[in-house]
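# Structure at a glance
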Amino acid sequence: MKKKIMRWIAHPTQQLIGFINFGSRQKDVFTEEHVAIAQEIATSLAIGLQQSRLYLMERHQREQAEALRKIGESLNTTLNFDEILNLLLDQVSRAIPYESANIILIEGDNAKIHYAQGYERYGQDVARKVSNLSFKISETPNLKWIIENQEPLIIPDVYQYEGWRKEKGIVQTHAWVGVPIIVDGVISVLFALAHQQP
């Protein structure tokens, strides 16, 4: 016959991310001293978790700063437009998780994918289709918004975004971000990052 737990102590960690539970099959086994010990353990665990989070945040910020430094460094060493764009995506991938990326050239009401990365894993046919895509900005709500507002646009789930353009035979995107590159007040290039998970 299994014995049931008759008494237990639960103590929340500081930011209530969970509980530490101690159980006993005996009645009246826990004392105030046990509660104090549980509180010390919970506090120590909370401090350790907080330090771990701070370390991860600091590491992420260092990676972002390093990526930006390398972009700036490389911009000073090359004037080749395609090399700069390729380098931009390479460095962005070190700081932002994405599955596919595009460099989109803007000319008037036309947007044309100039460089695509990450589509090869879906086959050469998909990679070729993506690299040949072009859009009318006035008919593409996400691009139109970026051009009009001159700000980045984050779409957490494209299936919830009215007017999202779905291309047949091309891999499904769920999350999307577009960032304009503004020179002298004009957007002539933007880069877009996509992920299959919302």
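Residues numbered from 1 in each chain as written. Predicted model: local features only at pLDDT ≥ 70, side-chain atom pairs only at ≥ 80, totals over all residues. Heavy atoms only, no water.

## A short note on the overall build of the protein chain
When its secondary structure is counted, the protein chain shows four helices and eight strands. Ordered by position from the N terminus, the helices and strands of the protein chain form the series β-β-α-α-β-β-α-β-α-β-β-β. Within the protein chain, the fraction of its 198 residues that count as buried is 30%. Of all intrachain contacts in the protein chain linking residues separated by at least 6 positions in sequence, the fraction that spans at least 24 positions is 43%. Surface accessibility of the protein chain: about 13,300 Å² in total, with carbon and sulfur atoms responsible for 54%. (Helix = DSSP H or I, 4+ residues; strand = E, 2+ residues; numbered from the N terminus. Buried < 20%, exposed > 50% of the residue type's maximum accessible area, 1.4 Å probe, protein only. Contact = heavy atoms within 4.5 Å. Areas by Shrake-Rupley, 256 points an atom, 1.4 Å probe, with all protein chains shown as cover.)

## Section: the pairing of strand E3 (residues 100-107)
The buried count for E3 comes to six of eight residues, which makes it a mostly enclosed element. Bridging between E3 and strand E4 (residues 110-117) involves seven bridges; their strand directions are antiparallel. Opposite Asn 102, over in E4, you have Ala 116 as the bridge partner. The antiparallel pairing of E3 with E4 creates a hairpin that spans two residues between the two strands, and Gly 108 there sits at a positive phi of about 65°. (Pairing = 2+ DSSP bridges.)

## Regarding the nonpolar core
In terms of nonpolar packing, the biggest core is built from 23 residues, with Ile 104, Ile 106, Ala 111, Ile 113, Leu 143 and Trp 176 touching the most fellow members. For this core, the elements supplying multiple residues, two or more each, are E3, E4, helix H3 (124-131), helix H4 (141-149), strand E6 (153-155) and strand E8 (186-195). In terms of nonpolar packing, the next biggest core, distinct from the first, is built from 10 residues, Leu 88, Leu 89, Val 92 and Leu 193 among them. (Core = buried A, V, L, I, M, F, W, Y, C linked by side-chain atoms within 4.5 Å.)

## So, the pattern of salt bridges
Under the definition given, this model contains two salt bridges. Taking the shortest distance from any N to any O, the salt bridge between Asp 125 and Arg 128 comes out at 3.3 Å. Of this pair, Asp 125 and Arg 128 both sit in helix H3, three residues apart, which is roughly one turn of that helix. Of the charged contacts in the structure, one is a salt bridge between Asp 125 and Lys 129, with a shortest N-O distance of 3.8 Å. With Asp 125 and Lys 129 both in helix H3 and four residues apart, this pair spans about one turn of that helix. (Salt bridge = Lys/Arg side-chain N within 4 Å of Asp/Glu carboxyl O.)

So, to be careful, I would describe these as geometric facts and stop short of saying anything about function.
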